[in-house]
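Architecture at a glance
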Amino acid sequence: MKSPQTFTYLFLQNSQDFASSNAMTQQLQDEFDSSVENAEAWMKAIQERLSINDNTKGPRSALEARLRETEKIRALEPEGSLKIDLILVKADAALRSISEDKKHEILSKLKDIKALWEETAIYITHCHSRIEWVWLHWNEYLKAQDEFYTWIHNMSVTLEPDIELQLGLKEKQWQLSHAQVLLNDVLNQSVLLERLLEEAASLFSRIGDSSVDEDVQKKMKVEYEKIREQAENRVNLLKKITKEHEQYSANVGQFQSWLNGVTERLNSCIGEATESSAKDKLKALKEIAKNIRSGGKKLDQLEDECTNVIENTSPLGAERMKDELEMLRKALEKLKLLHSEEEKRLLKIQESESAYESQARQLEADIKVLRKYLQKLENHLEPGEGEKTEDEFVTLWRKCNATRAALAAEESNVERLKAQLKELLQFSQDVHPHTESVVSAIQQYQSVRGKTSKMSTDTETELRRLFQNPLLDFERWKPSVQMLLETPEPALTHIEAALAESSRFKEKFMTLQLKKDLLNNVLGEEKAKTFLQEVAEASKKREIIHESLMQSKRTIQHFDAGFAPLQKKLSAIRAKLDLEKELKPDILGKKTQLQRLQMIQDDLAELVTQMEEVEKLVQSNTTHKHEMNQLSSDSQALKIALKMMIQQSEECIQKHCAYKDKLSDLQQWIKLTTETFEPYQGAEGDQNNEGQVADLKRWLAELPDKEMQLCLVKASGKLVMENSSPEETAHVQTELDQLEESWRPLKEMETRLLKKWQLSKPVIDSKKKIEFADRRWISGPVFHHSDVDPNHKQEGIEEGQHTSSHLKLLHEFEEWLQGEKKKLTKILDAASSSTEEIKTRKSKLEELQSRVPDGQRLFEDLLHNQPVTEYSEDLEDLRYQWMLYKSILKESMSTLSPGTSEEPDRFRKMGHYNKCDILLHIMNAMKN
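Residues numbered from 1 in each chain as written. Predicted model: local features only at pLDDT ≥ 70, side-chain atom pairs only at ≥ 80, totals over all residues. Heavy atoms only, no water.

Thoughts on the overall build of the protein chain
- Helix and strand content of the protein chain: 24 helices and 0 strands.
- Of the contacts made within the protein chain by residues no fewer than 6 positions apart, 82% connect residues no fewer than 24 positions apart.
- A total accessible area of about 56400 Å² is found for the protein chain, and carbon and sulfur atoms account for 52% of it. (Helix = DSSP H or I, 4+ residues; strand = E, 2+ residues; numbered from the N terminus. Contact = heavy atoms within 4.5 Å. Areas by Shrake-Rupley, 256 points an atom, 1.4 Å probe, with all protein chains shown as cover.)

Quick look at the structure:
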């Protein structure tokens, strides 16, 4: 604090200096006014010169003169800038020395002269650019117009001569292609013409000169249409000439192809090398004769077409066309002569072929019948796929015997085929195909006979093995059953399986005894008799074993009568419990589910009591005791699972009810607040209305706490959605969205009322926010700026220095925190699959953790240096970002393991959290 003597000295010194500075202040103000008047007069003179030249109408000479004048004016623009700079210097000097009440006048003049200079500079640029654009536009138009008229003259010279007669089709096509190129050039020029007409119309509307009026435009269009019409007429005429010649050439090519095809067909019928018969050749010759007659008519039509084409062809080309038709006529006459000679020769050959074909057909028919019958016998012997039963083997054995008899009867037909083949060898025709058919039929006969003999032998062998199998299986089965009967506590399933096997052996033995005739045919009478005696002895042994197994079964069934219902009841309880794992859609469904779980718990307790009674009956039987122990273990596991489900259900109901209560309270507060303070928005902001101001202050003081309550409701809603069905999740999300929508108008009302009633925004209680986030997640002590004595006030200069120091600390801490965030994000993004990578990652995280105390000290200094009477939204946001960074760093270190190579997405998005997101993240971390 400065002493009163010091203030007195300063006051006397300032009074002496005041008189000496008045004279200097007046001189600076006069210099400023003079520079403003000088610049204003200069600018008005420039604007008058511009208004005189700001016109594009008239001839090119006048437009060029205006362009030169605007260029001169534009060159004066730096002079205006210097004048403005001089005014700014004068104004700055005057503002430093005059009193506060006169500063407004100088600033007003300075603002006006700046606006006038900006208007003048814009006018200079726009006026010069407008005249320069019209001048350049006119030049480009005249250049394009000259090019257009040059093209008109060149195209007229090209299209003037008549069309020349060409030698052939290729030359006519070239001539047409050239004409089409010219036409395309003409059509493409229409785009240039349209642009020229548009440019002329645009220029005429700006300059009004006769060189670009409508008469000039019509003249250009008429000359272009004349050229286009000439080009189109020439192309249409050449198209007609070329199309006639193309059609004629195509018809000549078709006739030539037809002639070559008929000649090839005739050559295929001539000579001994062809495989077709004489009858087929004669039939083909008749078709060829019809084609030759039609070819003569086609040739006459070609001669008529040639006459029309020659009219538009050069003399040399016409001579070539006539020679081409004459060659075609000679080739047609030669074809007719060859056809006549071949027809006579084939009629002689046809007679000798008839006899051969008749005998050959008979031979092939007999071969076909034999092969079909052999195939039928072979198909009848097909054994089929997979394992066969005894009956199937018996059936196959009988088929083999029948087939062998049928093959013996067909041997005479095979000999007759050999005799027919010898008769065909007397003819001159090739009998090789018939020889192969006879040989193939004989080979098929031998193959079927060998296959039948082999199959018969194999079937008899298999039948002998099948007859012996039941006895062999019975001998192998007896020791295992004897061991089962000697076991102290045999399983019921093993006893029942042995009884079933014994019954199957009984059926097999009885079946063998009924097949006496079949056994005699396959084994012989002596072997069959011995075999049946062995079957009878085995049957007696089986009856003794069967009776022993029945006695064992009756002993075991007493335990199963009490054990099976317990198993069934436990399975039913487990099924009921599985049905209750589905998430319920609302609070009523969750409460109903809890009641059903409690009922299942009662059923399970009753089952445990029944199991204890059954356990008393099986103390002496080790196997049954083990089964009861297993059943008891299953029921105990089910009991634990049921208890956990009941506990989870109760927690879900509790969370849901808490969410509903918080949501209802906040909705009612929002509704009541909106209805209460809505009239204040239309009222006059009279500071003397102390009652309204007091109400508004109380409401504004309460609003930050309600904003924290909004975050709590969102967090509770998220927890409810985690344990709800998709339908209930969507419903809760809708409620939260509606709450957010109803909150937004309240915040807008707050902004409007603060502005209207000229109130200051209340300071949010930082202690509440931090305590809400739980102190366990905040390292280091928390300092509250509200502890500072509000009555202690500094001098104005010291307060400004304090604010500057606070902003510097805020900026330094924010830069440090951003750097730490980037390092943490880079560490989390890196892959960490191997043990070495995990160690490296852990080391980097520990290094970041070691710098957290330094950051906490920086943040505490920042809180201490905050101005007491000022609320900073940036500081609040920075506080939450610091809390989030420490939370994510701590969770990253706690979840570090080889299996967690990927962190959650929220670790990589630290810069995009709002306050509510940060609170939700910290609450989820606390929950986990």
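Now that the structure has been shown, the text picks up again.
Regarding the packing of aromatic side chains
- In this structure the tally under the stated criterion is 14 aromatic pairs.
- Ring geometry for phenylalanine 813 against tryptophan 882: centres 5.6 Å apart, planes inclined by 80°, an arrangement best described as edge-to-face. Here phenylalanine 813, found in helix α20 (residues 796–829), pairs with tryptophan 882, found in helix α23 (residues 873–894); they are 69 residues apart in sequence, far enough to count as distant.
- Here a set of aromatic residues connected by ring pairs shows up, and it is made of Phe813, Trp816, Phe859, Trp882 and Tyr885. (Phe/Tyr/Trp six-rings, centres within 6.5 Å; stacked < 30°, edge-to-face > 60°.)

A word on the confidence of the model for the protein chain
- Looking at the protein chain as a whole, its pLDDT mean stands at 77, while 82% of the residues score no less than 70.
- Between residues 1–16, whose pLDDT stays under 50, and residues either more than four places distant or in other chains, the model counts 1 contact.
- Ignoring residues within four places in sequence, the model shows residues 897–913, a span with pLDDT below 50, making 37 contacts including any to other chains. (pLDDT = per-residue confidence, 0-100.)

Description of helix α15 (residues 587–615)
- With 29 residues, α15 should reach 42 Å at 1.5 Å per residue; the first-to-last C-alpha distance of 42 Å fits that figure.
- Those residues of α15 that fall on the buried side of the exposure criterion are Gly589, Lys590, Gln593, Leu594, Leu597, Ile600, Leu604, Leu607, Met611 and Val614. (Expected span 1.5 Å × (residues − 1). Buried < 20%, exposed > 50% of the residue type's maximum accessible area, 1.4 Å probe, protein only.)

Re a negative patch on the surface
- A contiguous patch of negative charge on the surface is contributed by Glu812, Glu814, Glu815 and Asp874.
- Element by element, the count of residues in the negative patch is highest for α20, at 3 residues.
- Residue position: glutamate 814 is located in helix α20. (Patch = residues over 30% accessible without salt bridge, like charges linked within 9 Å, V, L, I, M, F, W, Y side chains within 5 Å. Salt bridge = Lys/Arg side-chain N within 4 Å of Asp/Glu carboxyl O. Lys, Arg positive; Asp, Glu negative; His and termini not counted. Charge placed at Lys NZ, Arg CZ, Asp CG, Glu CD.)

What about the packing of helix α4 (residues 100–159) against helix α6 (residues 214–269)?
- At a closest axis distance of 11 Å, the pairing of α4 and α6 adopts a crossing angle of 30°. Overall, the two elements α4 and α6 adopt an arrangement that is roughly parallel. As for the relative orientation of α4 and α6, their crossing is left-handed in sense. Along the contact surface, α4 presents Tyr141, Gln145, Phe148, Tyr149, Trp151, Ile152, Met155, Ser156, Thr158 and Leu159, while α6 presents Val216, Lys219, Met220, Glu223, Tyr224, Ile227, Gln230, Ala231 and Arg234.
- Among the residues making up the contact of α4 with α6, the classes are represented as 12 nonpolar, 4 polar and 3 charged. (Axes fitted to C-alpha atoms, helices over the stretch in contact; angles between N-to-C directions. Parallel < 35°, antiparallel > 145°, perpendicular 65-115°, else oblique. Left-handed = near helix turned anticlockwise from the far one by under 90°. Nonpolar A, V, L, I, M, F, W, Y, C, P; charged D, E, K, R; others polar.)

Some points on the environment of asparagine 267
- Note that asparagine 267 resides in helix α6.
- Along the backbone, asparagine 267 and leucine 338 are 71 residues apart, and their C-alpha atoms lie at a distance of 9.1 Å.

Some words on the packing of helix α5 (residues 169–207) against α6
- One way to put it is that α5 packs onto α6 with a least axis distance of 9 Å and a crossing angle of 160°. By the angle between their axes, α5 is roughly antiparallel relative to α6. The chirality of how α5 crosses α6 is left-handed.
- Of the residues assigned to the contact of α5 with α6, the class counts are 17 nonpolar, 9 polar and 7 charged.

Focus on the pattern of salt bridges
- According to the stated counting rule, one finds 26 salt bridges in the structure shown.
- Residue glutamate 225 pairs with arginine 228 through a salt bridge whose shortest N-O separation is 2.4 Å. Taken together, the positions of glutamate 225 and arginine 228, both in helix α6 and 3 residues apart, correspond to about one turn of that helix.
- For glutamate 225, a relative accessible area of 30% corresponds to the partly exposed category.
- According to the relative accessible area criterion, arginine 228 is partly exposed, its value standing at 23%.
- Across the pair glutamate 741 and arginine 744 runs a salt bridge whose closest N-O atoms are separated by 2.9 Å. With glutamate 741 and arginine 744 both in helix α18 (residues 726–757), this residue pair falls 3 residues apart, about one helical turn.
- Owing to a relative accessible area of 48%, glutamate 741 belongs among the partly exposed residues under this scheme.

Looking at the nonpolar core
- Counting residues in hydrophobic clusters, the biggest one holds 54 residues, and the most contacted among them are Met43, Ile87, Ile113, Phe148 and Trp151.
- Mapped onto this core, the elements with two or more residues apiece are α1 (4–53), α2 (60–75), α3 (77–97), α4, α5 and α6.
- Aside from chain neighbours lying at most four places away, what touches isoleucine 87 is Phe32, Ser35, Val36, Ala39, Leu110 and Ile113.
- Residues Phe393, Phe474, Trp477 and Leu499 belong to the second largest nonpolar core, which totals 28 residues. (Core = buried A, V, L, I, M, F, W, Y, C linked by side-chain atoms within 4.5 Å.)

Comments concerning the environment of glutamine 482
- Considering the arrangement of structural elements, one finds glutamine 482 in helix α11 (residues 432–486).
- With 66 residues separating them in the primary sequence, glutamine 482 and serine 548 have C-alpha atoms 9.6 Å apart.

As for a positive patch on the surface
- A cluster of basic side chains, namely Lys286, Lys290, Arg293 and Lys297, defines a positive patch on the protein surface.
- As for its position among the elements, lysine 286 is in helix α7 (residues 278–310).
- Look at lysine 286 and you get exposed, because its relative accessible area is 56%.

So, the side chain of arginine 234
- Mapped onto the secondary structure, arginine 234 falls in helix α6.
- Notably, arginine 234 is buried but unbridged: the nearest opposite-charge side chain belongs to aspartate 162, and the N-O separation is 6.3 Å.
- Only 3.1 Å separates the side chain of arginine 234 from the backbone oxygen of leucine 159, close enough to count as a polar contact.
- Contact partners of arginine 234, with chain neighbours within four places excluded, come to Thr158, Leu159, Pro161, Ile163 and Ala179. (Polar contact = N/O pair within 3.5 Å; in protein donor to acceptor, adjacent residues only side chain to side chain.)

Things to note about the environment of tyrosine 373
- Residue position: tyrosine 373 is located in helix α8 (residues 315–380).
- Owing to a relative accessible area of 30%, tyrosine 373 belongs among the partly exposed residues under this scheme.
- Along the sequence, tyrosine 373 and alanine 406 sit 33 residues apart, while their C-alpha atoms lie 10.0 Å from each other.
- Aside from chain neighbours lying at most four places away, what touches tyrosine 373 is Ala406 and Glu410.

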